[in-house]
Amino acid sequence: MSHQAREAAAAPTPSGRGRRCLILSLVIAALIYAADQLTKLWVVAELPVGQQFPVIPGLLWWQHIRNSGAAFSLGSDFTWVFTVVMAAVVVFIAATLRKVRHPVWAVGLGLVLGGACGNLTDRLLREPGLGQGHVVDFIAVPNFAIFNLADCGVVVGIAVIMVLILGDRDMTRPAIPRPAGTADQDSSESQTERPAPDHD
């Protein structure tokens, strides 16, 4: 068996790449979701609403608030709208993951999925009621809105996706580097196939 044939046999099939990217996305989403919900449980149990807990003086502190708006406390008068939007985002990403073959796309979508599921859980299960629950936020920095780990997952995931889009990276195509020596081989083949000069 030639070297090229062995490489082709060893390369994962499209369905194999799809399964790997799906698993990667789901693992990342599960980690973000678990971290978000566990930290929120700690905040609810240990920090009274409004109380501050300094972490890095002047730079970072925990402050328990309940957010009826979107990420970073935006749009507090439209709670149910954000619930619908987050549910739609979760459904859309879940359907899209079957098409992903690029691992970085899998990472970006997994981050957004985990963050959206984290805040959607708050909307559905927390007070004051189904679809209008207030999200637990607690990460505070100077001159910025208070947020949570789910917000971080969504924002970082969107940033990753934007970089991929600007770089024209197709989610359905795997990021496979060109095998070493391919350029040299192509060059030698082109030289071999080049017609001999006519001396007549």
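Above this note sits the structure.
Residues numbered from 1 in each chain as written. Predicted model: local features only at pLDDT ≥ 70, side-chain atom pairs only at ≥ 80, totals over all residues. Heavy atoms only, no water.

Enquirer: What is the right way to look at the overall build of the chain in this model?
Expert: When helices and strands are tallied, the chain shows six helices and three strands. Buried positions account for 34% of the 200 residues belonging to the chain. Surface accessibility of the chain: about 12,200 Å² in total, with carbon and sulfur atoms responsible for 66%. (Helix = DSSP H or I, 4+ residues; strand = E, 2+ residues; numbered from the N terminus. Buried < 20%, exposed > 50% of the residue type's maximum accessible area, 1.4 Å probe, protein only. Areas by Shrake-Rupley, 256 points an atom, 1.4 Å probe, with all protein chains shown as cover.)

Enquirer: What is the right way to look at the sheet that holds strand 3 (residues 135–140) in this model?
Expert: Reading across from one edge, 1-2-3 is the order of the three strands in this open sheet, with antiparallel pairing throughout. Strands with a single pairing partner mark the edges of an open sheet, and in this sheet they are strand 1 (52–56) and strand 3. Neighbour-to-neighbour, the strand axes of the sheet open up by a mean angle of 30 degrees, direction not taken into account. Bridging between strand 1 and strand 2 (residues 60–67) involves four bridges; their strand directions are antiparallel. (Pairing = 2+ DSSP bridges. Axes fitted to C-alpha atoms, helices over the stretch in contact; angles between N-to-C directions.)

Enquirer: Where do I start with helix 4 (residues 103–125) in this structure?
Expert: Three or four residues apart is the spacing at which side chains of an α-helix point the same way, because the helix has 3.6 residues per turn. Its 23 residues give helix 4 an end-to-end C-alpha distance of 33 Å, which sits within 8% of 33 Å, the value for a rise of 1.5 Å per residue. Buried residues dominate helix 4, accounting for 17 of its 23 residues. (Expected span 1.5 Å × (residues − 1).)

Enquirer: What should I look at first to understand the packing of aromatic side chains in this one?
Expert: How two aromatic rings sit relative to each other is given by the distance of their centres and the angle of their planes. Here the structure, examined in full by the defined rule, presents two aromatic pairs. With a centroid separation of 5.5 Å and an interplanar angle of 70 degrees, the aromatic rings of Trp62 and Phe138 are classed as edge-to-face. Of this pair, Trp62 sits in strand 2 while Phe138 sits in strand 3, and the two are 76 residues apart along the sequence. Exposure remark for Trp62: the relative accessible area of 21% places this residue in the partly exposed category. According to the relative accessible area criterion, Phe138 is buried, its value standing at 4%. (Phe/Tyr/Trp six-rings, centres within 6.5 Å; stacked < 30°, edge-to-face > 60°.)

Enquirer: Help me understand the packing of helix 4 against helix 5 (residues 149–166), please; the structure alone is not making it clear to me.
Expert: The packing of two helices is summarised by the inter-axis angle and the distance between the axes. Contact pair helix 4 / helix 5: the axes reach a minimum separation of 7 Å and the direction vectors enclose 150 degrees. Between helix 4 and helix 5, the angle is such that the two are roughly antiparallel. Both helix 4 and helix 5 take part in a crossing whose hand is left-handed. Of the residues in helix 5, those touching helix 4 at Val104, Trp105, Gly108, Leu109, Leu111, Val112, Gly115, Ala116, Gly118 and Asn119 are Ala150, Asp151, Gly153, Val154, Val156, Gly157, Ile158, Val160, Ile161, Leu164 and Ile165. Residue composition of the contact of helix 4 with helix 5, by class: 14 nonpolar, six polar and one charged. (Parallel < 35°, antiparallel > 145°, perpendicular 65-115°, else oblique. Left-handed = near helix turned anticlockwise from the far one by under 90°. Contact = heavy atoms within 4.5 Å. Nonpolar A, V, L, I, M, F, W, Y, C, P; charged D, E, K, R; others polar.)

Enquirer: Quick question: what am I supposed to make of the nonpolar core here?
Expert: For soluble globular proteins, nonpolar side chains are generally found buried alongside one another. Core analysis: the largest hydrophobic core is formed by 17 residues, its most contacted members being Ile93, Leu97, Val100, Trp105, Leu109 and Leu113. Those elements that provide at least two residues to this core are helix 2 (14–46), helix 3 (79–96), helix 4 and helix 5. If you tally residues by element for this core, the top one is helix 4, at seven residues. Discounting chain neighbours no more than four positions away, the residues touching Val100 are Arg17, Gly18, Cys21, Trp105, Ala106, Leu109 and Met171. One finds Val43, Leu60, Val136 and Phe138 within the second-largest nonpolar core, a separate group that totals seven residues. (Core = buried A, V, L, I, M, F, W, Y, C linked by side-chain atoms within 4.5 Å.)

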